[in-house]
Structures are given as structure tokens and as C-alpha cells.
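# Coordinates in review
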Amino acid sequence: MEAAQHIDRQITKENGYPDLWSCLQTTKISSEYFADNFQFAQSDLIPLPSALLEQYDNLKCKCFMGMFPEINRAWITIDNQLYLWNYVDKSDFCVYDGLDQIIVGVALVPPKKDVFVESVKHLLVLSTAVEVIVLAISLSDGTIRGDLNLIPTGLSVSSDNVSMEKMAATRNGRLFMCGNDGNLYELIYQAEEGFFSQRCRKVNHSKSYLGQLVPSFLKFTSDDSLRDISVDISRNILYTLSEKSHICVYDLGTNGDKTQLIAHKTHISRDVELLKRTKEFRVVSIHAVKAHHSRIAHLVAVTSTGLRLYYNTYDEGYNPDQRPHKLELIHVRLPPPILAPNHTNIPSQSPNPRNFNSPFRPGFSPGFPQTPNQFPAQMPVDNTLTAVGDYSNISNGFTNGGSSLIVDASEETRDRVIATTLDTSTHRNFTIFKEHVTTIEMDTKIWALTEDTYSNKSVDQTSQFPTHRCGVWQLMTESQIRSEIACQTWRPRRRFFCLTPRGIYLLHQQRPVDQLERLLSGSQGREFEGIYRFLDAYGAEETCVMALMIACGNYNSSHDSSGFLDPKSGNSILPAQFDPNTVAWATRAFFKFGGTPHANGISNAPQTPYQPNRQMMTPVNPQLEMSFGNSHGNFNPSDVQYSQSFHGFVTYLTRLLSPLWPRFVLTSTSTSQSSQGQNLTGNLTGNLTGNSQVPTNSSAPASPFSGVQPVSENSFSNLFTEIPMVNALTWSTLQLEEIQASLLGLREFLAKNPQFVAQGAMNSRTRPVPTVPKRKVDEEAIRWEQHQLFKLNLLLERCIQIVSFLRILSENSVPNVLKRLPNATREKLKNVKFSDMVVSADGLLLAKDLVTALIDFYTFQNLPVENLNLKLKAGCGQLFSKADRILFHAHQLLGAAVNNQSVAITPSTSSQANGWMSPTKALGTLGNLTHRILGNSPNPTAPTLQVENQIPSTSSLIGLGSVGKEKLLRAAVSEFRQVAFAMNHETLKHIGIQLLQQHFYSGIAELVLAHASSLDPNLLAESMMDGNNDPRGEELFNLRNLDYDLIHSVLDELYLTPQELETVPIDPTEFRAQKEETLQILANSSDRFLHFSIYGWFLNHNLTTELLEAFRSPFLEKYLTEVAKNLELLSQYYIRNKKYLQAAFILKDLAEISPDSPKLRTGMEIGELNLAKRLEYLSRAKACLAEESVSVAAVNEMQEKLEVAKIQFKIYNFLLAANVQNPQVEKAIVELDSQLFNLSDLFNKFSRKFQLWECQLAILHCAGHNDPGMVQKIWNNIISEELQDESVMKLTPLKEKVISLGREYFPSELVFPLGFLVSSLERLSFEHVTIDAMSTTWVTDLLGEIGVPTAQIFETYHRLITSEDFWRQKDPLLYLLKIQFQILTNWHQQLLVPNVTPYERRQFASARVDRALEEYYPLLSSLPGQESAEILRNFKTLAAKIFAK
């Protein structure tokens, strides 16, 4: 913890570095400069391509030129043709001649999100006086080294005769253009046209909306065209400059999606004159100042006289939500003095009295004299340049991050570059604006001036505009304000391009570390005045830091050569500048200037200025004896004043870790910049996905939208793709490689100089101290500093381990690796910083979880695990554990079994042979390192915790000898079970799939049970099953459910028929054995959760019979009752176990359940429990009662329920068959199908309401209700419904209806009143005797079909003839007597059949036919007419036949 505190304190210190522009507040005008013609170095000329020079001779009208450092291209337009070439290797020369107008403007911009395909990283915008077109840039290999092709996009817009010479883009792809009509335009494009918007259009932000509607020929052209444009991408502010030096400020909004004119500055010179009287000038360029460069100054304007005008747009401070509201001049920087190209370096006047007579400035460059003999003997005392330059024709300017370059075009044939840089010496007064000035004479005119934005190391193929640096410096470019000295640890040398008619000149800005390197190299190991002046300027601590950088070979510090790369190898074209001697001299300087620690106010640090010792610097002797000072008895570590070498080491280590330490390990891959707190504000990149390559055929360029097809109007429909928000590493592989290399360089330095760290013990005296006469050294302070250095060394080692692992992780699909972690672990990782992984126990555990997840990913993807093993061992062996070792070996065993290989399993095979660290060593080393680095151990030399007895030997874990496939599988499963706690579900699933392919079902069951037990040893998931609400229990519930899916896969193969599988699993005998063993393992398990999951699988596959046969566990009844709530299956369970009474009750409850019933709930939906199903349940319940010894009353009750349900079913079918579009009917159908009703409800709510007459009869019959009047009314309604249309009345349907009801209810007089029905039907027949061509005996015929005995029919008709008034009238009486005659005739004929029974004869006798005939004779005699006489004769004839025997 103490080591981490040193890093934290140093980070806090460097984060508090003051704004370099804070001096602007103290004065309104400044002019302090130091003459320094060696601050910049000029490289050789890069000539223009010969083909371009040939085309330049054909120039007719206009020519424009510029550079695109983002893609390593320079460009030039010759009339209507555009030429681009790669100025790095000159291997690519591209021409575009698709326009017929003169090209006046060229811009490289980023594409908008979701418009183009992913491979399109840049757009090229060309403007003419007629139109503006957009081209997509395709690079052959996806990097800027590839050949460039320009692909038409179909996006263009008319420029309305307005020339757009200057264009600029925002980070999100918005493109703004400066018109020569004085207006600011924006080119807006989208994937496809909308209803009210074109695919490509331009918007004038300088005019109102109505003004844009005025036709172009009616507009007045302004004579003040826009000259320059600059976008502040950190604050989302846009600035424009006109030819009349008017500056406009536009607010683009917090998110960069708005445009609002905020300020319009017209009197620039008047504001300057108020501060200092100056000659007339014009503003030639404007440059936005990013927020991480200055919180005060927002804009710099360069004038033709060399003035630099600093403006701000809102009050001091930086808040992303604060928006501009003004444009206020806050400082005027007078032009630098004009120096001769080889101007003698005038000494600077410093507040430090030691520098008053110094012949050297506080900053040196490679061009400074390198030997003592080259130094001048005397220098003037006054070293401040008080004169200012008298410029009148500054043509261009560039300002960025403390460096400014202006071009003096006062001569006709050549230009001069005046470069200024901020003074970075440690003793500088931050309230005074001081700069170094360098004059660079050019031999030609300068066309364009810009800074290189492309890193000289390598290319990140996924990086996008505005920067293409993919090294560590890109990660830090937009963080908090940093010291220039602090930045040089990662910042490459800044390069500036000057494009001229002869070619491209490069200007290299030298850093302090470059100066120290050249001083050391030029000194040849001797001590001379220049080195001590450098020490005086930058201080001992910073000098030690820079010496340590050189000694560690930090390639990013000085090895950038000229910065150009070989297009084939990707290596630097020029050789590295470091040599072993320089490294050795830097090492000596580090120790010499580092001094020693002291306590109690006794300082032994070297004081400056030094009296130079002209002798050779001697190497430090490891065996040198120290002269210790008096040891103080009351030693207090807080009193220790650490040596400068200690501070330098801490500072350098902090700067190496600054890209890592405060940042979160994971970030999001969304296109919008996400914030991770105040410590992470930079652009983050990562090599997560490869770039798709675009064909390089220039004759048929591929579409930037589709990748292969030309652009068409319809090709925009498939452009929009949703970019998912996924977690990724904050750092790319390249960034981690750079950091790892620098950390390894520091570790190598410590390894070569062990005396610096010693043994880490408080009593160590092995660290040498230079012998200084009369110097008192506090021994306790030295030992305490050694102790701290030892902890810092451990911290460094841990950092290297973590960085190495993160680098390995970054080479894989990080989102997929993270998927193999539990949700809780992933959530924790979102909030873990790199420092947490290094210093905290929880962070270390999370790092180890990532190691396990990476192993899982490799095994899941069937990647070579051995390769990963070697990488992890070599780079981060301390992150391994015993579980990792066993898991690896188990995978090896499983792989051997899968590949049918025999393997000799010995201890050497499982550990040493595969490069494994022994478990004891791994755990012991890691545990001891953890204790020491966290500061938990009171004694850093305490013995390592011995854990030999906790770790079984390798041979005892897995056995010996050559084994077969089955034993390999069992051995693998045994080891997997041991480390089940270290697996996540994805690992378990992958192993299970492989075991399933080998048909080793029992192994899957054992492994799943072990993993589930390790996940949830306290059975929290089962408490969730009991209704307890516990977030952790819910999470474990879900995790165990995922595990049991593997058991489901096993059951699929055990129970599905071979036709449902791709292949027959295995030999039938072996299959049955595996099935029995697996089911036995599952059945014997006490895991209630597992049992419930298995039961659910059987139910989902409708294997209820197999479930009841295979499992007779005590959990089944509980599952069916409480979980599945499947009462039907529960009834089957009871029936199978001969518990018929319980089954009957369950079936009865199932039948009677209703949607709102609080009594029972089932697993099936209410829609499935329909009325037909209820009838089935009641029938089965009745059958169950018949198997049980129960009372008759219980059986009768069940029978009655069944009958009532049948009536309800009858009502339901009646309403359903009616097919009436009536809401009430539909509601009634739903109600009838959803629950059972009693007879009263059925009668009142349904049958009476909907006039269901037949159903009413059924209800009355079931209830035994005696109401003749109601029954007769019901029958009248039934008859009326059957005879609805009397005009076409047909009696056949009526006959069929009566027969149907008669067969159901006869002989019940309650609902089938025979006399009433006969009378009603015969009266109907009498009144409509000719209808339907039916015989007069149709009523007697239907009674016979119903089954009414003939005797009862005869008696019924007899009662009608003798008792009812209607039938005693003449015609009805004759009609009825005819029918009665027919009845008697048919009856008599039936008695003549030989096989007539005695019962039938007795019925005839009991009918007293003779008496009836005696009553009919008088009636017929009394009736007049032939018909009555004929009927009478017929009766008498029949009587004679009947009674003749």
C-alpha cells in the first residue's frame, strides 16, 4: 500500500500542474523571448513526385495544395484535377479527374455514423464554383500505408456559384464550409432521402431560414469572403475568419448537434490599439485552443504583423456544459524578434540569481555545442530579448499546444519560419509568458504548414479521425493539462510539415530528453559545464527522470528518428539513435545526480550549481562501502527526505503508469466518447475487430456503402447498422505493448543495477553511496528508502504481470471472454481501475477471474490451449492458481479422450512438461507478493506461507499409467469436479457438450451436481423456491438453472427415439447401462432443485408415464403439488400408487375449478381447462370412487355433478351452434366453458335468458321439478320454433325433434306429458292435414319410434276422445276415431304374429278395448253423415275379428 501511495501522490501532483496559459491573466500584453535557434531541427527535403511536376507545367488557371497527415498524403489541385501522393514512402500516387470545373477546395473529413460501411474511415470533399461532391477513401490493406482509391458516393450539392475554399469537420462528421460570399455553410448528408429532406443538401448558417429561400440570382454577394475556419472539438465551438478580419463564434451545442451564432467581432485592430499602439494589420489565420491545452484561452488569431491575439468565449475554467457567450480579447503576444539563422544563443534572464551570468539558456537542443571546447568564453550579462520583430507580411500561422509557427513572406522568392515554444524549465515563473524563439530560413516559398498527427510507430487500423496515433500518447492527448516535461515520457517528437514547390520539409521540435541525450552523447562520458547547466535548469529530480528514460531505452522518448516507416516491414527507415555508451552515461548520471536520503533536516542531496569535476564519470561500484551518519534512536519515516534518484524513480514509474493507473480496465466500444470520471477523458481505441478490405481496382471502385456494389439510389437502404454497447479493454494491444516494453525496460534497469533496490530488507547495507567528504548520511533514512524502493519494485513487477495479461487478453475477443464471467463479476469489473487490480485483494481476484474466463474462451472455441499456457506462464505466471493448473490438465485429459488417444498420465505430464509452476511455488509466491505489495505483512522478510499439505500431488489426483478412453473420461471428470468452483457456466457447458458427444452421460450428471453444489453451498437458490426474496438467491437460482440445462441435454439423448436423433447414440447394451447409471445418480441426489428441474423436462416433453416410472423420489408429489401444480398428473400419481380417493378428490376439484377460485391453481391455462375436460374429470372421478370403498351417497353426489355438467355442456353446445353475433351470447359461451354452474344458475342465467327450451326440459328433468304448466309452455315453444314459417310448414323436423326428446325423457311425465303432446300434435295435424304429405298416423308412428307401448297410446287417444271438448266436436271426433281405429287395427295385427308374448296379450286385454268400443258406437251413431256410418261399420268389423276367438 505504501508503494501505491507514492504513485497516487505523484499523479495528484502532476495533475495539479498549472495551466501553461495562466500567465495570460496577469498581463494584457507580453514579449519575453529567449533566442534558441536549436529548438527545432530541419530534416532533408522530401521531393515532389516527378509525375506531379510534369502536370504542373500544364497549369492553366488555378492551383491549390495542402497536406493530410492523418493519411500520410499531400495533395495539389491543378485546375480541375486532384493529385494525392504518399509522402512517407512515395509508393502511391492517386489522380482524380472526375470534375470539369476548377477545384477550389479540398478537405479530409470523418464520415457520419451509420451512413457508410465500417471500412470507410475518411471522406474527401471537393468544392468547385458549381458543386460540392463527396468521395469515399478506400485504403487497400485497411491502413494508411495501403494504396488509396477514391470512390464516388453519389453525394453532391450545388454550390450556387459560391467558392468554398476552406472546410472543416467536427468529431461526429459535420462538415462546415467557408463561402466567398461571406456565409458559413454546412453540408448535410444522410443514407437515404426522406419525405421532406434530400439525401445531400447544404444549409446556410449565416442567414435566416427565409433568407435561404431567396433565389441565388437575387442574392447580393458580399465582398468580405470567409478566409479561415477552425473547430474546437473539445468544447464544440466553431470560429470563422473573414478577409476583413471579422471573427464569428458559433456554438455547436454540448453534443455538437446545434449551430448558433454567438459573437461577431469586427474591430480587431481597435481592441489591440487599446492595449498597445501598433501598425495596421489583418488577421491571417485562427486556431482553436483545446481544453486540455488551456482552460483560459479558447482561440488564437495570428496577424500579418506577427501578433498572436488570445481570446476566450466564456469565463475562466472548463466545464463541458458551459457554453460560449462572447468573444473577448484577453492577451496580446507581441511578435518574436527577428534572429539570424545562426544567431548566437543569448543567455536568458531568469528569476534564479544563479543564472544571471549564465552563458546558457535553461533548455538545450541537439544543435548545441557538444564538447567543452565548443563553448564561448564569455557571454553578455543581459540575456533577455527586449526587441520585437517588425513583420508586415505574415502569410500563415499555426498554433497548437504551446508551439507556434508563423511564416514570414516578406521576400518574394523564399519564406522564413519563426517558431516559438513555451519555456519548460522547472524554475520558471508561471506568471510570466516566456518562449524560446527559433528562426528557420527556407530556400523557397511555403504553400502549406501543418503538424503531423500520425504516430511514427505503427498504425491502429480501427482508429478514426481526428487522430491516428494508436500508441499511448493518443490515450493521453485529451486528458488533463500536463507539463511538457511530463508529456515527453510518452509523447513522440512533434513534427511540422512545410509543403513547398520543391517538396516537403520536416521540422522536428526537440524535447528536454532529446537535449540531455545529445549532451550525454557529445560529452563522451566527461563532465562539462553544459550538463550541469541542464541540471540547473530542470532540477535534479527531472534530470534523474530523463536520465532514467535514456538508461531504460524508452524508445518512445528518443527513438523516433525521422518517423517514417518502411511500407513493407513497418519498421523505421532510419536507425535508432541510442547506443550502449549513451545508456551507460545516462545510468551514471542518474546515480550521480540522485544524491542520498536524509532525515532530521540533514540534507545530503547534491546542490546546484555544481563545480564541475573534469574527470571521467566512474561507474558505480556495487561493493563500495558506505559511510553512514549517526543513527537516530527515535527514527520517524515521515522525517525522511528521499533522494532525488528516489523521486526520479517514482516520477518515471508514475509517468509510465499514468496511462493505466487511474483508468478503468473496461470501457465501452460505442462511437460516442464515454466518460469514466475525471481520470479518463481521452479517446480510447482497441483492436477488437478487423477491418474489411475494400477492392483496389480503380477502374471499378467498390461502393463505400455496400463494399462491393456501385452506388445507386436504392443502395442506402441497408446502410444503418446498430452498434451494440459492449465492454472492451480501455487500451489497445499496441498501447499495452508500448507500456509493457517501457515497464520491462525499467525492470531491466533495476536488474542491471541491483544496488539501487538492494535486498528490500530494513537492515540491508548493500546500496552504495558516492563518497562525499564531510557528508553525514543517515543510515536509517537510507534503509527506509531502500525498503520503499523494494516495495516499488514489487509494485512494478505486479504491474508488468497485469499489463502482460491484459495484452494477451486484448489479442482475443474481449466481449466474448467477458461473457464467460458471472454477471456479478462483470458488474464489478465495470468499476475496477488498473490500480485496483494491482494493489487490492479484490482487484487481484478479478484479474484471476479474467484469466479463468480466458481459459474458458480458448476451450470453448477449441483454440490451442498449450499456446495460451505458454503465453500466460511467460508473461503473467503469478496470476495462476492450483485450480487453473488442474483445469488445464483436465482439459488435456478430455482432449485425449475425444481424440481417442492414449496418454501416460504422470506428474511430469501435468506440470513441468507443460511449463507449469508448481502449486506450492505459485501460491506461495503470489501470496507473499500480495502481502508485501498491499503492506499487510509487518515484516517484509517474513517466511513464505507453506501450503504443501493443502495441495495433493499430481499423481494422487489422476493416477498413473496408460489408460483407455473411459478411464480418461472418468479421470477428466474427477479433476473437473475438483475445480468446479472455478468454472462458470460457459466452461461447464463446453465440457458437457464434449462429454455428451462421447455419450458419457453419467460424467455430465456428476459434474453438474458438483458445480451446482459449489455455486450454492448454502442452498440459497432453494430458499427462493420456498418464497424467500433474496437477490443473491435469485442470482444463484438462475445460475443453477443454466447448469441443469446440461442434464436436460442428457435426457434428450436418453429418452428421445433414435429417429429423432442424428445418429443412434451407442451400442444398445452400453446405452442401457449408461442410462441406468445416469438415472441412478440423478435419483439418488438430494438436490431438490435438480429433481424439480428434471420433472419439468419430462413434463415439457409429455413424458409423464416415463416420469412416473423412472422417479419415485419423495420430491415428486411435492413438485406436482407446489411447483408444477399439475393436478391431472397428480391424480395419475395417486392412481398409480392406488390412492383412488385422493385421485377422485383431485379430479373433482379440477372439474370445479374456476378462474377466480382461491382454492386451487393449476399449471395449465384456463383456456385448456374447458367444459369437455371438466366432464372427463368428473367421469374419471366417478370411476375412481367405484374402486374405493365409499358410501353410496358419495357416489350419487358425483353422479349428480356429472349429470349437471352434461346439461351445462348441452347449453354450451346450443349457444355455440346458434352462431349468433351477440356479445351476451359470446360472454355466456365463455362463462359456460370456464366453470361449472348449478341447476338454478343454468336455468335462470342461460336457458331461460336465451330461451333454450330443450335445455329447460333437461334442467327440470334433472331437478325432478313438477310444474305441468311450465312444461306445457316449454313444449309449445319447442313446437312453435319448429314451425316458424306456417306458409311453408313442414312437420318432418317437428317429428324428428319430438322423437329425439321422447327417447331422452319418456316415460317421465314431468317433462314429457304424453297426453298433452298427443293432443297438441294431433290438433296440429288435424288443422293442417295436407301439409308435408304426411299420413294422418304420423303422430302414432313417432310415438312408436319413441318406444311408447301400444296400450298406452290407445289409452291416451281414448282419453282425448272421451274427455276433451275439442275432440268431441264432429269433425275432430271423426278424425281422432279414424286414428284410433288404425291403432286398434295395427295392434290386432301385431297380436296375430306367432312369436307374440303373453305380456303383450295381457296388455291388450287390460286395455278394455271392448268397453272403449261400446263408448264409440253411440258417439258414431249420433253423428250424421256417411263418414261416421262408415267408421262405425269399420269398428264393428274389427270388433268381430278381435272377439271372434
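Residues numbered from 1 in each chain as written. Predicted model: local features only at pLDDT ≥ 70, side-chain atom pairs only at ≥ 80, totals over all residues. Heavy atoms only, no water.

## Considering the overall build of the chain
Under the convention used in this document: Under the scheme used here, helices are H or I runs from DSSP no shorter than 4 residues and strands are E runs no shorter than 2 residues, and both carry numbers assigned from the N terminus. Note on classification: 1.4 Å probe, protein chains only; a residue is buried when its accessible area is under 20% of the maximum for its type, exposed when over 50%, partly exposed between these limits. We call two residues contacting when some pair of their heavy atoms lies within 4.5 Å. Under the convention used here, a 1.4 Å probe and the Shrake-Rupley method define accessible areas, while residue burial counts only the protein chains that appear.
Scanning the chain for helices and strands turns up 47 helices and 33 strands. Counting the 1445 residues in the chain, one finds 55% classified as buried. Of all intrachain contacts in the chain linking residues separated by at least 6 positions in sequence, the fraction that spans at least 24 positions is 68%. Surface exposure of the chain reaches about 62,600 Å², of which carbon and sulfur atoms provide 49%.

## So, helix H33 (residues 1140–1152)
What counts, and what does not: Helix span, expected: 1.5 Å multiplied by one less than the number of residues in the helix.
For H33, which comprises 13 residues, the first-to-last C-alpha distance of 18 Å matches the rise-based estimate of 18 Å (1.5 Å per residue) to within 8%. Considered for burial, the residues of H33 that qualify are Ala-1143, Ala-1144, Ile-1146, Leu-1147, Lys-1148, Asp-1149, Leu-1150 and Ala-1151. Close packing links the buried residues of H33 with helix H32 (1127–1136), helix H34 (1171–1187) and helix H35 (1192–1218).

## Observations concerning the sheet that holds strand S22 (residues 299–303)
Formally: Here, any two strands with at least 2 DSSP bridges between them count as paired.
An order of S1-S24-S23-S22-S21 is seen for the 5 strands of this open sheet, with the pairing classed as mixed. A strand with exactly one partner marks an edge of an open sheet, and here the two such strands are strand S1 (29–30) and strand S21 (283–288). Note: S21 against S22, 5 bridges, orientation antiparallel. Looking across to S22, one finds that Val-283 is bridged to Thr-303.

## Regarding the nonpolar core
Buried together is how nonpolar side chains tend to be arranged in soluble globular proteins. Cut-off, in case you're wondering: Residues belong to a common nonpolar core when they are buried Ala, Val, Leu, Ile, Met, Phe, Trp, Tyr or Cys residues joined through side-chain atoms within 4.5 Å.
Of all hydrophobic cores here, the largest spans 181 residues; its most connected members are Trp-661, Leu-743, Leu-746, Leu-792, Phe-805, Leu-806 and Phe-834. No other element matches the 16 residues that helix H13 (residues 779–810) contributes to this core.

## Some thoughts on the packing of aromatic side chains
The condition that has to hold: Any pair of Phe, Tyr and Trp rings, taking the six-membered ring for Trp, is counted once the centres come within 6.5 Å. Such a pair is stacked with planes under 30 degrees apart, edge-to-face with planes over 60 apart, and tilted for the rest.
One pass over the full model with this rule turns up 37 aromatic pairs. A ring pair is formed by Phe-590 and Phe-591, whose centres lie 5.2 Å apart and whose planes are at 75°; its orientation type is edge-to-face. Phe-590 sits in the buried class, given a relative accessible area of 0%. On the numbers, 5.6 Å between centres and 65° between planes, the contact of Phe-649 with Phe-756 is edge-to-face. With Phe-649 in helix H10 (residues 644–657) and Phe-756 in helix H12 (residues 754–757), the pair connects residues that are 107 residues apart, well separated along the chain.

## Observations concerning the pairing of strand S17 (residues 226–232)
Every regular strand shows the same layout, with side chains that alternate between the two sheet faces. Across the 7 residues that make up S17, a large majority, 6, are buried. Two successive antiparallel strands, S17 and strand S18 (residues 237–242), enclose a turn made up of 4 residues, where Asn-236 displays a positive phi of approximately 60°.

## Comments concerning the confidence of the model for the chain
For the record, the criterion: The pLDDT value tells you how sure the predictor is about a given residue, anywhere from 0 up to 100.
For the chain, per-residue confidence averages 75 on the pLDDT scale, and residues scoring 70 or more make up 75% of the total. Counted against residues more than four places away or in other chains, residues 760–777, with its pLDDT under 50, gives 47 contacts.

## Thoughts on the packing of H10 against helix H11 (residues 733–752)
Short version of the rule: Lines fitted to C-alpha atoms define the axes, with helix axes restricted to the stretch in contact, and inter-axis angles between N-to-C directions lie between 0 and 180 degrees. We call two directions roughly parallel when the angle between them is under 35 degrees, roughly antiparallel when it is over 145, roughly perpendicular when it lies between 65 and 115, and oblique otherwise. A clockwise turn of the near helix away from the far one marks a right-handed crossing, whereas an anticlockwise turn of less than a right angle marks a left-handed crossing.
The geometry of H10 relative to H11 is characterised by a closest axis approach of 10 Å and an angle of 160° between their N-to-C directions. Taken together, H10 and H11 sit at an angle that is classed as roughly antiparallel. As H10 packs across H11, the resulting crossing turns out to be left-handed. Residues Phe-649, Tyr-652, Leu-653, Leu-656 and Leu-657 of H10 lie in contact with H11, whose contacting residues are Ile-739, Ser-742, Leu-743, Leu-746 and Leu-750.

## Considering the environment of Ile-11
The residue Ile-11 is located in helix H1 (residues 2–15) in this model. For Ile-11, a relative accessible area of 12% translates into the label buried. Put simply, Ile-11 and Trp-661 are 650 residues apart on the chain and 9.0 Å apart in space, counted from C-alpha to C-alpha. Beyond its immediate sequence surroundings of up to four residues, Ile-11 is in contact with Thr-654 and Trp-661.

## Description of the side chain of Gln-801
Among the structural elements, Gln-801 can be located in helix H13. On the basis of relative accessibility, which here comes to 7%, the residue Gln-801 falls in the buried class. The contact partners of Gln-801, leaving out residues within four places of it in the chain, are Gly-875, Cys-876, Gly-877, Gln-878 and Leu-879.

## Regarding unusual backbone geometry
With an omega of 15°, the peptide bond between Phe-1306 and Pro-1307 qualifies as cis. With respect to the helices and strands, Pro-1307 occurs in the loop between helix H40 (1292–1305) and helix H41 (1314–1327). With phi around 60°, Asn-161 is a residue other than glycine that occupies positive phi space. Among the structural elements, Asn-161 can be located in the loop between strand S12 (148–158) and strand S13 (164–169). Despite not being glycine, Leu-1019 shows a phi value in the positive range, around 55°. With respect to the element layout, Leu-1019 can be found in the loop between helix H25 (1001–1015) and helix H26 (1020–1025).

## What to know about the sheet that holds strand S20 (residues 260–265)
Within the open sheet, the 4 strands sit side by side as S17-S18-S19-S20. Their pairing is antiparallel. In this open sheet, the two edge strands, each paired with only one partner strand, are S17 and S20. Taken over all neighbouring pairs, the strand axes of this sheet differ in orientation by 20° on average, direction set aside. Where strand S19 (residues 247–251) meets S20, 5 bridges bridge the pair, whose relative direction is antiparallel. Its bridge partner being in S20, Ile-247 is matched across the sheet by Lys-265.

## A short note on the pattern of salt bridges
What counts here: The term salt bridge refers to a pairing of a side-chain nitrogen on Lys or Arg with a carboxyl oxygen on Asp or Glu at a separation within 4 Å.
One pass over the full model with this rule turns up 48 salt bridges. Here the residues in one salt-bridge network are Asp-1016, Glu-1022, Arg-1040, Asp-1087 and Arg-1088, joined through shared partners.

## Some points on the environment of Ile-1081
Looking at the element boundaries, Ile-1081 is found in helix H28 (residues 1068–1084). Take Ile-1081: its relative accessible area is 18%, and that puts it in the buried class. On a C-alpha basis, the gap between Ile-1081 and Leu-1009 in space is 9.5 Å, while along the polypeptide they are 72 residues apart. Residues in contact with Ile-1081, not counting those within four places in the same chain, are Ser-1002, Ala-1005, Glu-1006 and Leu-1009.

## Considerations on the pairing of S13
Examined bridge by bridge, S13 and strand S14 (residues 175–179) share 5 bridges and lie antiparallel to one another. Within the sheet, the bridge partner assigned to Met-164 lies in S14 and is Gly-179. The loop that links S13 with its antiparallel partner S14 comprises 5 residues; one of these, Gly-173, has a positive phi angle of about 95°.

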